[in-house]
Amino acid sequence: MRLRLATWNVNSVRLRVEQVARFVSEQAPDVLCLQEIKCQTGEFPVEAFAEMGLPHLRISGQKGWHGVAIASRLPIEDAAPVAACREGHARCVAARVAGVEIQNFYIPAGGDVPDRALNPKFDHKLDFFERLTAEMGRRDPKAPLIVAGDLNVAPGEFDVWSHRQMSKIVSHTPVEIEAMTALKASLGFIDLPREAIPEPQKLFSWWSYRAADFRASNRGLRLDHILASPGLREAAFRLGSASSRVHDDVREWERPSDHAPVTADLAL
């Protein structure tokens, strides 16, 4: 069977529920990982998701900020979310679908100053990565596991519009790149979007609202990720190459999120 996974920082699920329905209709994800739902668990538009064919839900909501959810066409089993957020924010939700454990994260952006001593938000971000990396390092690499979400790091030179200009800006600083590299190495994760679209091709999933025309300026960052454990390598490459893409056309829709959805297919 094909299992299509999608991740999307939707920047308010209630505000953009019609866009979610359109994306689901057009791209038919089997599992949709959402970040920044910006509602409490009981406020999530459950009926709308049932109508779009994603009735199985795991939701971790929070008033006004953050919040993550997993919506699935297929039945969901419980999986323990990784307790990587020291502040107790709703930044992780987990589930098991078709035998695959899915951990969906919204990692802190980190503020504006890339200094742990001067900026508690940046320290929180790096602490989150450290906790998550330690947990992944304890896992069985053969187990089928997906880590997805807005990880708020553009890890490669070709994941940012300008490596030189972004190297001192939060999201692409050396210490953040090192944190992301350590996370990937902890379990030998496979970066599915980059496997499908190798460097040196530029690959972005976020564009600032500040640009009147995001395509014209194209000052993007790849902040949204789908990482697969070695246990899913065969499923990811069964057809010969990885299948993954950024749906940047969604960024063109009326009143869009500043993030575009990212999908990846597994042949289970």
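In this report, we go over the structure that sits alongside the text. Quick caveat: nothing in here was measured; it's all calculated off a predicted structure.

In this section: the overall build of the protein. Per the secondary structure count, the protein includes 8 helices and 13 strands. The C-alpha radius of gyration computed for the protein amounts to 17 Å, which stays within 12% of the reference 18 Å derived for 268 residues, consistent with globular compactness. For the protein, the C-alpha atoms occupy an extent of roughly 45 × 40 × 40 Å along the three principal directions. Taking the intrachain contacts of the protein between residues at least 6 apart in sequence as the baseline, contacts between residues at least 24 apart amount to 68%.

This next bit is on the sheet that holds strand β11 (residues 224-228). The mixed open sheet is built from 5 strands, whose spatial order is β5-β6-β7-β11-β8. Here the strands that pair on one side only, and so sit at the sheet edges, are β5 (92-97) and β8 (190-191). Note that strand β6 (residues 100-106) and strand β7 (residues 145-150) share 6 bridges and pair parallel. In the strand pairing of β7, Q103 is matched with V147.

Moving on, we get to the side chain of S257. Here S257 shows up in the loop between β12 (243-246) and β13 (262-267). In terms of polar contacts, S257 uses its side chain to reach the backbone amide nitrogen of H259, at 3.1 Å. Aside from chain neighbours lying at most four places away, what touches S257 is W8, N9, V10, N11, R16, Q19, Y209 and R251.

A few words now on the pattern of salt bridges. By the definition in use, this model includes 24 salt bridges. Two residues, E26 and R22, come together in a salt bridge whose shortest N-O distance is 3.0 Å. Of the two residues, E26 and R22 are both situated in helix α1 (residues 17-27); the distance of 4 residues between them amounts to about one turn of the helix. Looking at R22, the relative accessible area reads 41%, which means it is partly exposed. Here K38 ties to E36 by a salt bridge, and the two come within 3.9 Å at their closest N and O atoms. Judged by relative accessible area, which is 12%, E36 ranks as buried. A network of salt bridges, in which partner residues are shared, links R86, E87, R116, D123 and E130.

Attention now goes to the environment of S186. Among the secondary structure elements, S186 is positioned in helix α5 (residues 174-187). Considered as a pair, S186 and D159 are 27 residues apart in the sequence and their alpha carbons are 21 Å apart. If we ignore the near neighbours within four places in the chain, the residues touching S186 are T133, M136 and G137.

Before going further, it helps to spend a moment on α1. Every buried residue of α1 is accounted for by V17, Q19, V20, F23, V24 and Q27. Down the axis of α1, the sector holding all buried residues measures 155°, keeping them to one side. In α1, the exposed residues that point more than 90 degrees away from the buried face are E18 and S25. Contacts from the buried residues of α1 go to β1 (2-9), β2 (31-35), α2 (46-51), β12 and β13. Just beyond α1, the residue with positive phi is A28, at close to 50°.

Pairing is mixed in the open sheet, where 6 strands are placed in the order β3-β4-β2-β1-β13-β12. Of all the strands in the sheet, the pair left with one neighbour each is β3 (56-60) and β12. The average angle at which neighbouring strand axes cross in this sheet is 10°, direction not considered. Along the sheet face, α1 touches β1, β2, β12 and β13 and points at about 155° away from the line of β1.

Thresholds, definitions, all that
Throughout this document, residue positions are counted from 1 along each chain, in the order its sequence is written. Note on the predicted model: pLDDT of at least 70 is required for a residue's local features to be given, and 80 or more for side-chain atom pairs to be given and counted; whole-chain, interface and lining totals, by contrast, use all residues. The basis for every side-chain value is the complete set of heavy atoms in the structure, and neither hydrogens nor water enter the calculation. Secondary structure elements are taken from DSSP: a helix is a run of H or I of four residues or more, a strand is a run of E of two residues or more, and numbering for both begins at the N terminus. A radius of gyration in this sense is built from C-alpha atoms; the matching globule rule multiplies 2.2 Å by the number of residues raised to 0.38. In what follows, a contact means two residues having at least one pair of non-hydrogen atoms within 4.5 Å. Think of it this way: DSSP has to see at least two bridges between two strands before they count as a pair. Pairs of N or O atoms are called polar contacts if they sit within 3.5 Å, as long as, within protein, a hydrogen donor faces a hydrogen acceptor (for residues adjacent in sequence, only side-chain-to-side-chain pairs). The salt bridge definition used is simple: a Lys or Arg side-chain nitrogen within 4 Å of an Asp or Glu carboxyl oxygen. Each residue is assigned to one of three classes by its accessible area relative to the maximum for its type, calculated with a 1.4 Å probe on protein chains only: buried under 20%, partly exposed between the two thresholds, exposed over 50%. Starting at the helix axis, one direction is taken to each C-beta atom, and the arc is that of these directions. Fitted lines through C-alpha atoms serve as axes, helices being fitted only where they are in contact, and the angles separating the N-to-C directions of these axes extend from 0 to 180 degrees.

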